[in-house]
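If you want the building blocks of each chain, they are given just below.
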There are 2 protein chains.
Amino acid sequence: MSTSQRVLSIQSHVTYGYVGGKAAVFPLQCLGYDVDVVNTVNFSNHSGYGRFGGTRTSASELRQILQTMEENQFPDPSRLLTGYIPGPEALSVVQELASKLRKRHPELVYLLDPVMGDSGALYVSPSVVCIYKSMLRLATVITPNWFEVETLTSVRIEDPQSLRDAIGILHEEYQVPNVVVSSIPMKPWLAKFLPDDIPKDQPTDLLCISSSRGNPGKNSVVHACTVPLIPGYFSGVGDLFSALILAHFDPDGKSPLPDAVGKALSKTHDIIRLTNAHAQTLDEADRTTTDDELDRKDPMRLVRRMRGRELRLIQGQDIIRGEGSSREMKVWEKFW
Amino acid sequence: MSTSQRVLSIQSHVTYGYVGGKAAVFPLQCLGYDVDVVNTVNFSNHSGYGRFGGTRTSASELRQILQTMEENQFPDPSRLLTGYIPGPEALSVVQELASKLRKRHPELVYLLDPVMGDSGALYVSPSVVCIYKSMLRLATVITPNWFEVETLTSVRIEDPQSLRDAIGILHEEYQVPNVVVSSIPMKPWLAKFLPDDIPKDQPTDLLCISSSRGNPGKNSVVHACTVPLIPGYFSGVGDLFSALILAHFDPDGKSPLPDAVGKALSKTHDIIRLTNAHAQTLDEADRTTTDDELDRKDPMRLVRRMRGRELRLIQGQDIIRGEGSSREMKVWEKFW
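Residues numbered from 1 in each chain as written. Chains lettered and ligands numbered in written order. Predicted model: local features only at pLDDT ≥ 70, side-chain atom pairs only at ≥ 80, totals over all residues. Heavy atoms only, no water.

Chain A is annotated in an unreviewed UniProt entry as pyridoxal kinase of Thelephora terrestris. Checking UniProt for chain A, the heading Sequence similarities (unreviewed entry) contains the comment "Belongs to the pyridoxine kinase family." (UniProt positions renumbered as here; feature names shortened; annotations may be inferred.)

So, in structure tokens, the structure goes:
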């Protein structure tokens, strides 16, 4: 990897804990990238704590920062990473920028994480969805979760054909070269659909799929891998995972997407394991299970749990820098 | 060093380049600290470029972030680092916080960099000076530059006695346990005053002085070291230096301040050397000399020079993590 690569990272900032830019920037820096950091919000902590303070960066503030960088003729980034961007106005500013960079540098590596919602619920304004749809063609890699794939494609994924439809729409209609969907719960139809040589040790295993568009008129090449579930919710995992894919993506490599995803999966999983091991050492009160009803009665119960589950990025920085392990993404011959 | 230490860093944020938090946070993280990051401004780049865009964080935004962290009962930091804070209202919010943390944790390590100005000119509002004066007694270590020492003590330093007066005022009147002043140009009276065993190879050498208060009624223990000048101006050096002192300061060590300053000096100097070596490889147009008149005629001349002199922190991260070299701060027996 060249040591002179710049990443422009546009996502949220929190003072305490590791989500958004706090989960992405340090790993990118450890892996040798100069990171230009634009904060789309400045909050005390992530919203999962229930209580958070601070402000969103307005569209005009974003525009001012980006325009000044343009006027100062700072070197354009070779890679662009965008994550949580609150509201359609701010997102439009980012779209303009991505569009300009793509025009100027066809070789730009742009990882777009269309952060919109999870588990069936949007947490951005619906107008954001349309803007993301029009931005997809600017991306090199996108990393939507299952719900975001459904939202972007308007396909409800419930069997092999609907999964093929959704992935097909992303490649064909939206012209996305590379799609990665991770942390997919192993539904029975999915387990049956998976090729035999992809291990499914446990019904709780999570699935990760990557799909790279090949030559025009040809089907995409799909890879998959399963990862053991570590129970409980950890925030910032998606942000870390996307940053690691971007960091390890080698456009000139033999199989750039599966290689990068394999490394990112392995490192992300190891960081979660480290975090989980740490959480187990905490007082019982700080490692309560997820229980909305109990959390409502005692908001500090949620806060304590979240605190104990902040990613151990600093303690795990050798994992991030490591050259070692990689999960093997196996080709899924009969996907199409 | 414990791996569970938290630093709360309150200073400026720039998207492009390495000053303020961008110069301090990554080194602290590399050295194993969880860093809670509060941005006092969100700018495109540092003001030395002439043109910069973005906004200052208001006092009420700062207060909101800090209050929410308090309400969420996040663990208090074991170390506090404060740098550039624009305006008296925002600084008062930080003062309140520092005062609360100091009361709650007498063992708090607080490095206060009273960023107010340089080379005879203030770049903050004069009302900031008074607030800094009242904050000094909260600090464990302060890292003013020469001009800031003069401003805080109202002593014009021009001979050994006035230097003793200024250092004495900081320890006695303002109750600061540890003072570090670096990048002091080697004036003839200073070279003559220095003990013989501190090498002064070149008249351009820069001097660094540290002074630690001992028992009540006793004079402080002063150490000094010279560092070769690398010509030209590099931004963010003070911010990096302060962060490294904080990172290496071991309150239980045998000589905590000189040890930390020796390591910080060595690493900072090596990063500047790396940056300077890189700057030499640039096109001639990007490594112009400092010349205010020419810069006024062509503002991009200044921008190009600044760009080429952004600290090579990412490329030099092994220096930051290194256990190796340290400059020896020598005791200055006859200072008093």
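K.L.:
Could you clarify how one ought to interpret the relation of the copies chain A and chain B in this entry?
P.N.:
Between the two copies of the chain lies a relationship made up of a rotation around an axis and a movement along it. Between chain A and chain B, which share one sequence, the superposing operator has a rotation angle of 180° and an axial displacement of 0.0 Å; the RMSD is 0.0 Å. Here the copies are linked by what is in effect a two-fold axis. Distance from the rotation axis, computed per C-alpha, reaches its smallest value in chain A at A:Phe26: 3.5 Å. Most of the interface of chain A is mirrored in chain B, where 98% of its interface residues again form contacts. (Least-squares fit on C-alpha atoms with pLDDT ≥ 70 in both. Contact = heavy atoms within 4.5 Å.)

K.L.:
Please explain the pairing of strand β5 (residues 109-112) of chain A as it appears in this structure.
P.N.:
Looking along a regular strand, one sees side chains alternate from face to face of the sheet. Residues and elements named next belong to chain A. Neither face of β5 is exposed, since Val109 and Leu111 on one face and Tyr110 and Leu112 on the opposite face are all buried. Judged from the four bridges that link them, strand β4 (residues 79-82) and β5 form a sheet pairing that is parallel. Across the sheet, the residue bridging to Leu80 is Tyr110, located in β5. Each parallel crossover has a hand, and the one from β4 via helix α3 (residues 88-104) to β5 is right-handed. Bridging between β5 and strand β8 (residues 141-142) involves two bridges; their strand directions are parallel. Within the sheet, the bridge partner assigned to Leu111 lies in β8 and is Val141. (Buried < 20%, exposed > 50% of the residue type's maximum accessible area, 1.4 Å probe, protein only. Helix = DSSP H or I, 4+ residues; strand = E, 2+ residues; numbered from the N terminus. Pairing = 2+ DSSP bridges. Right-handed = clockwise from strand over helix to strand, strands pointing away.)

K.L.:
What am I meant to see in the nonpolar core here?
P.N.:
For soluble globular proteins, the rule of thumb is that nonpolar side chains tend to be buried together. A:Ile245, A:Val261, B:Ile245 and B:Val261 are the most contacted members of the largest nonpolar core, which totals 84 residues. B:Ile245 has contacts with B:Leu111, B:Val141, B:Thr143, B:Val180, B:Ala260, B:Val261 and B:Ala264, leaving out every residue within four places of it along the chain. (Core = buried A, V, L, I, M, F, W, Y, C linked by side-chain atoms within 4.5 Å.)

K.L.:
Before we go on, may I ask you to explain the side chain of B:His46 in this structure?
P.N.:
Residue and element names in this part refer to chain B. Its location among the elements puts His46 in the loop between β2 (34-43) and β3 (54-56). Classification of His46 by relative accessible area gives buried; the value is 8%. At 3.2 Å, the side chain of His46 and the side chain of Ser235 are in polar contact. What His46 contacts, discounting residues up to four positions off in sequence, is Val14, Val19, Phe52, Ser235, Met306 and Glu310. (Polar contact = N/O pair within 3.5 Å; in protein donor to acceptor, adjacent residues only side chain to side chain.)

K.L.:
Mind showing me how you'd approach the sheet that holds strand β5 (residues 109-112) of chain B here?
P.N.:
Within a beta sheet, neighbouring strands are joined by backbone hydrogen bonds and run either parallel or antiparallel to one another. A sheet is described by the order of its strands in space; here 10 strands give the open sequence β3-β2-β1-β4-β5-β8-β9-β10-β11-β12 (chain B), paired in mixed fashion. Sheet topology places β3 and β12 (330-331) of chain B at the edges, where each strand pairs with a single neighbour.

K.L.:
Would you take a moment to explain the packing of aromatic side chains for this structure?
P.N.:
The geometry of an aromatic ring pair is captured by the separation of the ring centres together with the interplanar angle, meaning the angle of the planes. Taken as a whole and assessed by the stated rule, the structure comprises 17 aromatic pairs over all chains. Judged by centre distance (5.7 Å) and plane angle (35°), the rings of B:Phe193 and B:Phe335 are tilted. Within this pair, whereas B:Phe193 is found in helix α7 (residues 188-193), its partner B:Phe335 is found in the segment after β12, the two being separated by 142 residues in sequence. The burial state of B:Phe193 is the same as that of B:Phe335; both residues are buried. Aromatic ring contacts, followed pair by pair, group A:Phe193, A:Trp332, A:Phe335 and A:Trp336 into a single cluster. (Phe/Tyr/Trp six-rings, centres within 6.5 Å; stacked < 30°, edge-to-face > 60°.)

K.L.:
Please clarify how the interface of chain A and chain B should be interpreted in this entry.
P.N.:
How big an interface is tends to be stated in terms of the accessible area lost upon association of its parts. Opposite the 47 residues of chain A that make contact, chain B presents 46 residues. Of the roughly 4,000 Å² buried between chain A and chain B on both sides combined, carbon and sulfur atoms contribute 52%. Between chain A and chain B we count one salt bridge in total. In this structure, the salt-bridge partner of B:Glu71 is A:Arg51, at a minimum N-O distance of 4.0 Å. At the surface where chain A touches chain B, the tally comes to 30 residue pairs in polar contact (both at pLDDT 80 or more). Within the residue set of the side of chain A that touches chain B, elements represented by two or more residues are β1 (6-14), α1 (21-30), β2 (34-43), β3 (54-56), α2 (59-71), α11 (299-308) and α12 (317-321) of chain A. By residue number, the principal contributor to the side of chain A that touches chain B is β2(A), which donates seven residues. Of the residues assigned to the side of chain A that touches chain B, the class counts are 19 nonpolar, 19 polar and nine charged. (Buried area = accessible area lost by both parts, 1.4 Å probe. Salt bridge = Lys/Arg side-chain N within 4 Å of Asp/Glu carboxyl O. Nonpolar A, V, L, I, M, F, W, Y, C, P; charged D, E, K, R; others polar.)

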